[in-house]
Amino acid sequence: MPLRPQDTARYSAFASRKMRALSIVKAWSFAITAMLAACVGLLTIPAHAKSSDELADVLAGIRAQDQRMQDIGWKLVTANAPYCAKTTQSIGLQLVDVAAYKQPDKVRSAFGLAGDFAVYTIAANSPAAEASLTPMEPITAIDGQMLESWPSRRQSDWERLVRAHDAIDASLSADGAVQLSLGGDRQAAINSTLVCASRFELGGGNKRALADGERVILGRNFPGFAYVEDELAAAIAHELAHNFLAHRDWLEANGRKRKNIRLTEGEADRLMPWLLANAGYDPKAALRFMQRWGPKHGGGLLRKRTHDGWDERVEFIAAEIALIEALLERNQPANWSAHFQRDTQTGPDTGSQ
């Protein structure tokens, strides 16, 4: 569901700006907006991770969960790029800076790092993956800018990680490539690719799925993480649809009335199978997701009163799948920018016609 402005502070802590998730918006390297920077959630070490080995296991599990989300997100934003009104250049890379944690020394040890910066996630089949980057590989410089020379507070310094991603953004925006200096004097010159302008972030330990116009944010306890890949992809596609269709802006312009929220939720439901089909997933996964999710969850994605009943939503999704299948049978692409019918008024840069 679209994130309200008054929820920004609440969910920024949940979003945990920690890793700035893959460079999808502004080259999927992610720049943090000034509004969010003031209320970013700083990384904390889970209370139950007492020993170094326990901490390493916990951090590895969180990174694996993040990696799964980034891999799915990359498929969705690259495959749908021809139909998005807002696109950008990306290499599919997410960094980590141990200074962003409250106990950087412990985290550095758990990650097995000598320095502070490293590769965190690399989206599968992205330019970063093709450059043979590996998780937790040290990064010492971006286009010759030595990261160790950047001053940092002793702990919880998320601003330095922002600066690193912004440096990648600037290079990709200027010439579509970036030069990274890695461990052992290894150099990697990476060319970017075009993606839809949205990014993905793993948040804190709650169960929510949110979209704020630029990001898709999933809590670490989001139930969809227990689903098979194409059903999790459907959940992510629902939130991504809110961003592609500029629902947050539309609601701000037209009011967050119950009927308006239902319209935006309905559109996001219906766009799900289109996004899935283009990314190589079975569009019927959108149906399976709704059939699995709907009977069990009354809040969040399917919040009562502001949403149609889950069985009604299944019918709406099924109607879109029929349209998609008809196009594919004629060897035509699932071009939602041309064939998807909006329920809300189309605003500037919404990506549909």
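Just so we're clear, the structure is a prediction, and the values are computed from it rather than from any experiment.

## Details of the overall build of the protein chain
Part 1: Along the backbone of the protein chain there are twelve helices and eleven strands.
Part 2: Taking all 353 residues of the protein chain together, 58% fall into the buried category.
Part 3: Summarising the internal contacts of the protein chain: among those between residues at least 6 apart in sequence, 70% fall at separations of at least 24.
Part 4: As displayed, the protein chain offers around 14400 Å² of accessible surface, 48% of which is attributable to carbon and sulfur atoms.

## Examining the packing of helix H10 (residues 285–293) against helix H11 (residues 310–329)
Part 1: At a minimum axis separation of 9 Å, H10 and H11 run at an interaxial angle of 175°. Overall, the two elements H10 and H11 adopt an arrangement that is roughly antiparallel. Between H10 and H11, the contacting residues are Ala286, Leu287, Met290 and Gln291 on the first element and Trp310, Arg313, Val314, Ile317, Ala318 and Ile321 on the second.
Part 2: Each residue belonging to the contact of H10 with H11 can be placed in one class, and the counts come to eight nonpolar, one polar and one charged.

## Quick notes on the packing of helix H3 (residues 52–79) against helix H4 (residues 104–111)
Part 1: Where H3 meets H4, the axes come as close as 9 Å, and the angle between the chain directions of the two elements is 75°. With respect to H4, the element H3 is oriented roughly perpendicular. Side by side, H3 and H4 meet where Ser52, Leu55, Ala56 and Leu59 of the first sit next to Lys106, Val107, Ser109, Ala110 and Phe111 of the second.

## Considerations on the confidence of the model for the protein chain
Part 1: On average, residues of the protein chain carry a pLDDT of 84, and 80% of them reach 70 or more.
Part 2: Low pLDDT (under 50) marks residues 3–42, which in the prediction has 163 contacts with non-local residues, meaning those over four places away or in another chain.
Part 3: Under a pLDDT of 50 for its full length, residues 298–303 has, in the predicted model, 22 contacts with residues more than four places off or in other chains.

What counts, and at which threshold
- Residues numbered from 1 in each chain as written.
- Predicted model: local features only at pLDDT ≥ 70, side-chain atom pairs only at ≥ 80, totals over all residues.
- Heavy atoms only, no water.
- Helix = DSSP H or I, 4+ residues; strand = E, 2+ residues; numbered from the N terminus.
- Buried < 20%, exposed > 50% of the residue type's maximum accessible area, 1.4 Å probe, protein only.
- Contact = heavy atoms within 4.5 Å.
- Areas by Shrake-Rupley, 256 points an atom, 1.4 Å probe, with all protein chains shown as cover.
- Axes fitted to C-alpha atoms, helices over the stretch in contact; angles between N-to-C directions.
- Parallel < 35°, antiparallel > 145°, perpendicular 65-115°, else oblique.
- Nonpolar A, V, L, I, M, F, W, Y, C, P; charged D, E, K, R; others polar.
- pLDDT = per-residue confidence, 0-100.

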